[in-house]
Amino acid sequence: MLKGLARFKSAVLPGTFISFSLLGFAFLLFFTLYTSQDGNLFSELDSRIYGLLKFTLYQAFLSTILSLLVGVLLAWALAHQSHFRGRSLLVALFSSSLVLPTLIVVFGLIGIFGRSGYLNQISMFLFDISFGSYLYGLGGILLAHVYLNASFASRALLHSFESIPKEKYKLAKSLGFSVWQRFLYVEYPALKSTLLSIGSTIFLLCFTSFAVVLLLGGSPSYNTLEVAIYEAVKLDFDIGMALKLALIQLSISAVLVILSSGFRVDVANLKTGHTLILWKESKVLRGIQWSIIGVFTLFFVLPLLVIVLDGIGADFGRILQEPLFIKSFITSVSLATVSSILTVIIAVLLSNARRNFTLSTRLAHKPLAKLLDGMIAFSGNLYLAIPSLVLGLGFFLMYQNSDGSEFLWSTAALLTANVLMSLPFALSVLTPAMHKTAQRYDKLSFSLGLTTVQRWIYVEYPYLKSSLGYVFALAFCFSLGDLGIIALFGSDDFSTLPWYLYQLMGSYRTTDAAGVAFVLMVLVLSVFIFVPRLFQSNIEKK
Amino acid sequence: MLKIIQYLLLATVMIMATEKPTLTIYTYDAFAASWGPAPKIKEAFEKEHHCNVKFVGLSSSIGALRKIQLEGKRTKADILLGLDTSIAQVAKKTGLFMPHELNTTKLDLPVPYTDDTFTPFDYSFFAFVYDENKLKNVPTSFEALIKMPKDFKIVIQDPRSSTAGLGLLLWVKSVYGDKAGEYWKRLAPHILTITKGWSEAYGLFLKGEADMVLSYTTSPAYHIVEESKSNIKVADFKEGHYGQVEVAAVLKSSKHQDLAKQFLAFMHTKTFADIIPTANWAYPVVKGVKLHEAFDSLHRPKQMILMDGLTVEAQRKAIVDEWLEAIAK
C-alpha cells in the first residue's frame, strides 16, 4: 500500500484532499441545519411525501432512459456522419439547451409544442386539427427533460464514439459485422462508462427538477420532492422537515453514485491515430443516420429559434443601457469566469485522484480503494445530492453564525454553488477521458520515468485539451444561467442576469425579459462555439 | 498618491453617508425593482425626512420574512413591506414586529382592517384575466367557469409557492365553504397547468397557452399604460372578488423605530398614494386620490372577500390538503 501510494502521491493527495473538504463542507451544512431546527426531526413523514417520492423516482427513471436513448441515437448518427458543414455549430447548439435558464428553454419548447405552439398552428392550418393541450402532463415533463438532457448526453457520448480506435472498425468490417453487432461489440463497450456516469447525473437532475415539473405537469399528482422542500423552507419554515427531506435526497443520490461508480471500464478505448475509414456506410444506414440528425436538429433547434424570435423585437437600445442590466451582466460574467476556472481545476484534480482507485494497474486492488473511489465520486455530485434551497439555507445559517462580511459570504456562497453545480457535468466528461489516458499511457510514462509536469505536457494535455475546453465552456455557461442560490435569501447587491430576467417577468415586462433571454442565449452560444476552439487539440486539427 | 486620494475620497463619502440615518426596508423584488415604486418612494421620503432609504428586494415577500427570522436580532431590516394579510399573521406570530400606533380607520379600504401591527399600503383583487380578441364567451361566475366548453383552459398558481395561488384557494373556500373540494374536482379538467409563481402563469397566458390566468383586477392597467393595449380584460365574477391587501410593519429590533414609524405614516400620505397605482399596479389606501385614467376603465369590485388572517393561518394546511386531494388525477 505504502509503496503504491508513494508512486501516486502527487496524483492522489490533492484530489482526495478536495474531496474530503467538499464532504466536510456538506457535513457542516447539515450540522448547521441540525442545530437550527427545533427537534421534530423524528416526527412522522406525511403520506403525501411518499407519493411525491414515488412519482419523482418514476419520472426521473423514465426521463433518464429516454434521454440516454435519444442521446445514443444522435451521437451514433453524428459519429458516422463526421464530415458536414455546420457540424460543430450543431454540437454547440445541442449543449446550450442545458445551460440556458430552464424556464426560458421551456418557454421555447411551449412555443413549438404548446397549445398555441407552431406545431398546433401548422396542423390547424393544414388539416384543421389541433392537438390541444397534449403537452401538459407526464408527457410534457418527459419531453422537457429529454430536451434539456439528451443533447448534453449526445455531446458526451459523441466524444466516446470518437475515441474508438479506427482499427476496431476495420476489424468489424473484415469480420462482416452487422450494424447491431458492430454497435454491441465495438461501440457499446466504449460508451458504457459514459452512459453510467451521465445516466446518474441526468437521473439526479430530473429528480430535483421543480419549476419545469410544476409548469408542464399540470396536476399535483405530478409533483416532485422539491415542492415539499420548498413548502417546508418557505411556507412552513420548518427547518427540521427541510433537513429530513434533504437527507432523503442525499441518501438516494448516494446510492446512485455508489452504484454507478462500482463499474469498471475494461477495454482500452482511445483514439490512437488517424486511420481513415475508407468505406462509406451503406445507403440505407446513411439514410437512417441523416434522418436522425435531421429530426433531432429540428427538435433541438426550433425551440431556441422561438427564443430568438421572441427576443428580437425587444428594445435593445434601452435594455442594454439599463444600469441594472449592466450591473447584472458584469456580475454574471465575472462570477462565471472565476467559477469556471475553479471548476476546471477541481474537476481535473478529482478525476486525477479517482483514476488511481479505478485502474487495476494502479491502486484499484488496494484496501479502501473502492471506498475512496466512491467518496470522490460522491463529493463531485454534491450539488445533486443536496437540494439547492437547502444549500442556500445552510449557507445563510453559516453566515449568521459567523462574523464575516455579507459581501464575502455572498460571493463565497455563489462561487461554491456554481462550482458544485458544474462539477457533476465536468466530472462526467473528464473522468472517463482521464481514465482512458491513464489506461493507455501509464506503462509508457512510467517506463520513461516522466515527472508529473512532463506527463501533463506530453501525455495528458494533448488528449484532454478539447475536453478541458468543453468543461470550461460548460461551467462558464452554467454559472451564467444559474439563478443563484443567493436569490433565495440573499441581498440584491448580487443581481445576476437570470435573476434580472425573472424580475422582469415578475412585473409584466415580458418583452424586456425576452430580450434579456436573447442576450443570454447569444452569450452562451458564443462561449460554446469559440472557447472549445481555443482548446482544440492539434490532433483534431489535422 | 492617487490611491491615497481615492481612499480619502471614499472615506469622506462614507462619513457623509453615515451622517444621516439609513432606513432599511426588506420587500419583494418587483417592488424594489428600478421600474417599481421603490425608487420614487425613496426619493420622496428622503427629501421629507433627511435620511437614507435602502430597499432590499428578495425573491418574494415570504422570502423576506424568512430572511428576517433567520437573521434574528442581527437583522439590518427596519421594516418588512409587502406581505399580504393571509400571511401577515404568520409574521405576527414570530413576535419580531411592533405595534404601528396609527389610526387606520380612515383608510380607503373595501373591508374594515384593524390589525395593530401590520398596516396596509395598497390593495387589489384577484381575478381571471383574458384577451378580448381571443375569448368571446367570457364566464361571469365560478359556476359559469366550470360550464365552459371542454377545451377552455385556465392557468393558476400553486398555493404552496405563490400568494396568488393561495388567494384563489381562499376565494373558492369563501364562496363554496364545505363544498370547495367538490368545486375543485369539477374545475380540474379546465386547469391547463399550475405554476410555481405568478410570472410563469402570466407568461403562459401571454403566449396564448391558456384562455384565462389568475391575476389581479388591476393587471389590465399595465397593458393600457405601458403598452397602449386595451385587449387585456378582467372577468367580472358575480360571487365577488377575493382581495389582496399588502401590508408593512416595523421590527422591534430596529434602531430607527421613530423614523420607521414615520415611514408607515408616510404610506398613508397622498405622495405615496400617487406613486402606487402606475408603479405597483394596485389601488392606494388613501381617500381622494386621482387615479391614472387607465384605472377608470377597470372593473373595480364593490365588495371585497377577505378571510380573517387568523382563520387562514389555522386552516391553511387543511385547505391546501383538500385542494390537493380534489384535483390530483
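Residues numbered from 1 in each chain as written. Chains lettered and ligands numbered in written order. Predicted model: local features only at pLDDT ≥ 70, side-chain atom pairs only at ≥ 80, totals over all residues.

Chemist: Looking at this structure, I do not really get the overall build of chain A. What am I missing?
Modeler: Of regular secondary structure, chain A possesses 23 helices and zero strands. Sorting the 542 residues of chain A into buried and exposed places 51% on the buried side. Considering only contacts within chain A whose residues lie at least 6 apart along the sequence, 84% involve residues at least 24 apart. (Helix = DSSP H or I, 4+ residues; strand = E, 2+ residues; numbered from the N terminus. Buried ≥ 20, exposed ≤ 12 C-beta atoms within 10 Å, placed from the backbone. Contact = placed C-beta atoms within 7 Å.)

Chemist: Quick question: what am I supposed to make of the overall build of chain B here?
Modeler: Scanning chain B from N- to C-terminus turns up 13 helices and 12 strands. Its C-alpha atoms give chain B a radius of gyration of 21 Å, within 12% of the compact-globule value 20 Å for 329 residues. Oriented by its inertia axes, the alpha-carbon framework of chain B measures out at about 75 × 45 × 45 Å. The buried share of chain B, reckoned over its 329 residues, is 48%. In chain B, the proportion of contacts linking residues at least 24 apart, taken out of those at least 6 apart, comes to 79%. (Rg over C-alpha atoms; globule rule 2.2 N^0.38 Å.)

Chemist: Before we go on, may I ask you to explain the domain arrangement of chain B in this structure?
Modeler: For an interface, size is often stated in terms of accessible area lost upon the parts coming together. Residues and elements named next belong to chain B. Splitting chain B by domain gives domain 1 (2-123 + 244-297) and domain 2 (125-242 + 303-327). A C-alpha centroid distance of 28 Å is found between domain 1 and domain 2. Taken together, the contacts link 18 residues of domain 1 with 18 residues of domain 2. Looking at the side of domain 1 that touches domain 2, the elements with two or more residues in it are helix H5 (85-93) and strand E10 (241-251). (Domains from an automatic or database assignment.)

Chemist: Is there a simple way to think about the pairing of strand E8 (residues 212-216) of chain B in this case?
Modeler: Two faces make up the sheet, and in a regular strand the side chains alternate between them. Residue and element names in this part refer to chain B. Within E8, five of the five residues are buried, which leaves it mostly tucked inside the rest of the structure. One ladder, built from five bridges, connects strand E5 (residues 119-131) with E8; its direction is antiparallel. Paired with phenylalanine 126 across the strands is tyrosine 216, a residue of E8. Sheet topology note: the strand E6 (residues 154-157)/E8 ladder contains two bridges and is parallel. Of the residues in E8, the one forming a bridge with isoleucine 154 is methionine 212. (Pairing = 2+ DSSP bridges.)

Chemist: Please clarify how the nonpolar core should be interpreted in this entry.
Modeler: For soluble globular proteins, the rule of thumb is that nonpolar side chains tend to be buried together. Among the nonpolar cores identified, the biggest contains 256 residues, and A:Ile229, A:Ala242, A:Val471, B:Leu80 and B:Val213 are the most heavily contacted of them. With 15 residues, helix H18 (residues 406-448) of chain A is the single largest residue contributor to this core. Setting aside residues no more than four positions away along its own chain, B:Leu80 makes contact with B:Tyr26, B:Ala64, B:Leu65, B:Ile68, B:Ala91, B:Ala248, B:Ala249 and B:Leu251. (Core = buried A, V, L, I, M, F, W, Y, C linked by C-beta atoms within 7 Å.)

Chemist: Would you mind going over the interface of chain A and chain B with me for this structure?
Modeler: Listed by partner, the interface residues are 42 residues for chain A and 40 residues for chain B. Going through the elements one at a time, helix H4 (102-113), helix H9 (211-217), helix H10 (225-235), helix H17 (388-401), helix H20 (486-489) and helix H21 (497-505) of chain A are the ones with two or more residues in the side of chain A that touches chain B. A class-by-class count of the residues in the side of chain A that touches chain B yields 23 nonpolar, 15 polar and four charged. (Nonpolar A, V, L, I, M, F, W, Y, C, P; charged D, E, K, R; others polar.)

Chemist: I would appreciate a short explanation of the environment of B:Ser199 in the present structure.
Modeler: As for its placement among the helices and strands, B:Ser199 is situated in helix H9 (residues 198-206). Judged by the 24 C-beta atoms lying within 10 Å of it, B:Ser199 falls in the buried class.

Chemist: What exactly am I supposed to notice about the confidence of the model for chain B here?
Modeler: Should pLDDT be low for a region, the predicted coordinates there are not to be read in detail. All names here are of chain B. Looking at chain B, the pLDDT average stands at 89 and 94% of residues meet or exceed 70. Averaged over each element, pLDDT in chain B is lowest for helix H1 (residues 2-19) (62) and highest for E8 (95). This complex was scored by the predictor with a pTM of 0.83 and an ipTM of 0.79. (pLDDT = per-residue confidence, 0-100.)

Chemist: Explain the confidence of the model for chain A to me, please; I cannot follow it from the model alone.
Modeler: The pLDDT averaged across chain A works out to 80; a share of 88% of its residues lies at or above 70. Every residue in residues 264-275 of chain A is under pLDDT 50, and counting partners more than four places away or in other chains gives 23 contacts.

Chemist: Looking at this model, I keep getting lost on the pairing of strand E3 (residues 79-84) of chain B. Mind explaining?
Modeler: Residues and elements named next belong to chain B. For E3, a buried count of six out of six residues is recorded, marking the element as mostly surrounded by other parts of the structure. Across two bridges, the pairing between strand E1 (residues 22-28) and E3 is parallel. Bridged to tyrosine 26 within E3 is leucine 80. Of the strand pairs in this sheet, E3 and E10 are connected by five bridges, and their pairing is antiparallel.

Chemist: Can you walk me through H4(A) in this structure?
Modeler: Because an α-helix packs 3.6 residues into every turn, residues spaced three or four apart end up facing the same way. Residue and element names in this part refer to chain A. With 12 residues, H4 extends 16 Å from end C-alpha to end C-alpha; this agrees with the ideal 16 Å at 1.5 Å per step. In terms of residue burial, H4 counts as a mostly covered element, since 12 of its 12 residues are buried. Restricting attention to buried positions, one finds in H4 the residues Thr102, Leu103, Ile104, Val105, Val106, Phe107, Gly108, Leu109, Ile110, Gly111, Ile112 and Phe113. (Expected span 1.5 Å × (residues − 1).)

Chemist: So what exactly am I meant to see when it comes to the environment of A:Gly374 here?
Modeler: Along the chain, A:Gly374 turns up in helix H15 (residues 369-380). In sequence terms A:Gly374 and A:Ala254 are 120 residues apart; their C-alpha atoms lie 9.0 Å from each other.

Chemist: Would you mind going over the packing of helix H8 (residues 179-207) of chain A against H18(A) with me for this structure?
Modeler: The angle between the axes and the distance between the axes are what describe a pair of packed helices. All names here are of chain A. It is at 10 Å that the axes of H8 and H18 come closest, and there the two elements cross at 175°. Comparing their axes, H18 and H8 come out roughly antiparallel. Residues Ser193, Thr194, Ser197, Ile198 and Thr201 of H8 lie in contact with H18, whose contacting residues are Pro424, Phe425, Ser428, Thr431 and Pro432. Considering only residue class, the contact of H8 with H18 consists of four nonpolar, six polar and no charged. (Axes fitted to C-alpha atoms, helices over the stretch in contact; angles between N-to-C directions. Parallel < 35°, antiparallel > 145°, perpendicular 65-115°, else oblique.)

Chemist: What am I meant to see in unusual backbone geometry here?
Modeler: Across residues other than glycine, the phi torsion is negative in most instances, and most of the peptide bonds are trans. All names here are of chain B. The backbone of glutamate 101 sits at a positive phi, close to 55°, despite the residue not being glycine. Classification of glutamate 101 as exposed rests on a count of 11 C-beta atoms within 10 Å. Phi at tryptophan 281 is positive, roughly 50°, even though this residue is not glycine. Residue tryptophan 281 is classed as buried on the basis of its 27 C-beta neighbours within 10 Å.

Chemist: In this structure, what is going on with the packing of H4(A) against helix H12 (residues 283-312) of chain A? I would like to understand it.
Modeler: Residue and element names in this part refer to chain A. The geometry of H4 relative to H12 is characterised by a closest axis approach of 8 Å and an angle of 105° between their N-to-C directions. Taken together, the axis directions place H4 and H12 in an arrangement best described as roughly perpendicular. Packed against H4, whose contacting residues are Ile104, Val105, Gly108, Leu109, Gly111 and Ile112, the element H12 presents Leu302, Pro303, Leu304, Val306 and Ile307 at the interface. Tallied by class, residues from the contact of H4 with H12 come to nine nonpolar, two polar and no charged.

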